[in-house]
Amino acid sequence: MERILRKIIEFYVLTKWRILGNYYKGLLAQAEFLYRQSPLFRERWLTMGLEYAEMSFENEAQHFFYKAKQEPMLIKARIFWDSLLGRPVQTYYISEN
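These numbers come from a predicted model, not from an experiment. (Residues numbered from 1 in each chain as written. Predicted model: local features only at pLDDT ≥ 70, side-chain atom pairs only at ≥ 80, totals over all residues. Heavy atoms only, no water.)

Any chance you could break down the packing of helix H1 (residues 2-37) against helix H2 (residues 39-48) for me, citing the residues and the numbers?
Axis separation between H1 and H2 bottoms out at 4 Å; the angle between their running directions is 60°. With respect to their mutual orientation, H1 and H2 come out oblique. The residues of H2 that touch H1, namely those facing Tyr35, Arg36 and Gln37, are Pro39, Leu40, Phe41, Arg42 and Arg44. For the contact of H1 with H2, the per-class residue count stands at four nonpolar, one polar and three charged. (Axes fitted to C-alpha atoms, helices over the stretch in contact; angles between N-to-C directions. Helix = DSSP H or I, 4+ residues; strand = E, 2+ residues; numbered from the N terminus. Parallel < 35°, antiparallel > 145°, perpendicular 65-115°, else oblique. Contact = heavy atoms within 4.5 Å. Nonpolar A, V, L, I, M, F, W, Y, C, P; charged D, E, K, R; others polar.)

Mind laying out a nonpolar patch on the surface, listing which residues take part and the relevant values?
A surface patch of nonpolar side chains, about 550 Å² in accessible area, is lined by Leu5, Ile9, Tyr12, Val13 and Trp17. Relative to the assigned elements, isoleucine 9 resides in helix H1. Judged by its relative accessible area of 47%, isoleucine 9 falls in the partly exposed class. (Patch = residues over 30% accessible without salt bridge, like charges linked within 9 Å, V, L, I, M, F, W, Y side chains within 5 Å. Areas by Shrake-Rupley, 256 points an atom, 1.4 Å probe, with all protein chains shown as cover. Salt bridge = Lys/Arg side-chain N within 4 Å of Asp/Glu carboxyl O. Buried < 20%, exposed > 50% of the residue type's maximum accessible area, 1.4 Å probe, protein only.)

So, the packing of H1 against helix H4 (residues 57-69): which residues are in play, and what are the values?
Following both chains from N to C, one finds H1 and H4 inclined at 110°, their axes separated by 8 Å at the closest point. The orientation of H1 with respect to H4, classified from their angle, is roughly perpendicular. Side by side, H1 and H4 meet where Tyr24, Leu27, Leu28, Gln30, Ala31, Glu32, Leu34 and Tyr35 of the first sit next to Phe57, Glu60, Phe64, Phe65, Lys67, Ala68 and Lys69 of the second. Here the contact of H1 with H4 is built from residues that sort into ten nonpolar, one polar and four charged.

Got a sec to walk through the confidence of the model for the protein chain? Specific residues and values, please.
Close inspection of predicted coordinates is inappropriate for parts of the model with low pLDDT. For the protein chain, mean pLDDT is 89; residues scoring 70 or higher make up 99% of the total. Taking the mean pLDDT of every element in the protein chain, the minimum, 87, falls on helix H3 (residues 50-55) and the maximum, 92, on helix H5 (residues 73-85). (pLDDT = per-residue confidence, 0-100.)

Outline the nonpolar core, supporting the account with residue identities and numerical values.
Counting 15 residues, the largest nonpolar core has Phe57, Phe64 and Ile79 as its most contacted members. Considering each element in turn, this core owes the most residues, six residues, to H1. Apart from the residues lying within four places of it in its own chain, the contact partners of phenylalanine 57 are Leu28, Ala31, Glu32, Tyr35 and Phe64. (Core = buried A, V, L, I, M, F, W, Y, C linked by side-chain atoms within 4.5 Å.)

Describe the pattern of salt bridges, with residues and values.
Pairing of side chains with opposite charge becomes possible as their charged atoms draw close. Under the definition given, this model contains five salt bridges. Across the pair arginine 44 and glutamate 60 runs a salt bridge whose closest N-O atoms are separated by 3.1 Å. Linking arginine 44 in helix H2 with glutamate 60 in helix H4, this pair joins segments that are 16 residues apart in sequence. Because the salt bridges share partners, they merge into one network encompassing Glu32, Arg36 and Glu54.

How would you sum up the environment of isoleucine 79? Please name residues and give values.
Residue position: isoleucine 79 is located in helix H5. Sequence-wise, isoleucine 79 and isoleucine 9 are 70 residues apart; in three dimensions their C-alpha atoms are separated by 26 Å. Leave out the neighbours within four places in its chain, and isoleucine 79 touches Tyr23, Gly26, Leu27, Gln30 and Tyr92.

Structural data, given as structure tokens:
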């Protein structure tokens, strides 16, 4: 019984990652885009240089990944469809105009 349950869980996890793996890569690219648009990035660029500002994304990745998950549904849907259709990872934004 335990073996069957283990196989079911393994199948579920692997299937989920096959379907959503590229979606998470797209969300990570969106998170990096949001970081580069943030005042935090500009401040670090001006005070400590571009290289430091780019390298410091790793420290802030979790916060900006959360922000990417909170993006409007239209952006998340485009990232999801891109991942399902095998399109290259790209970032999106909604213009205010």
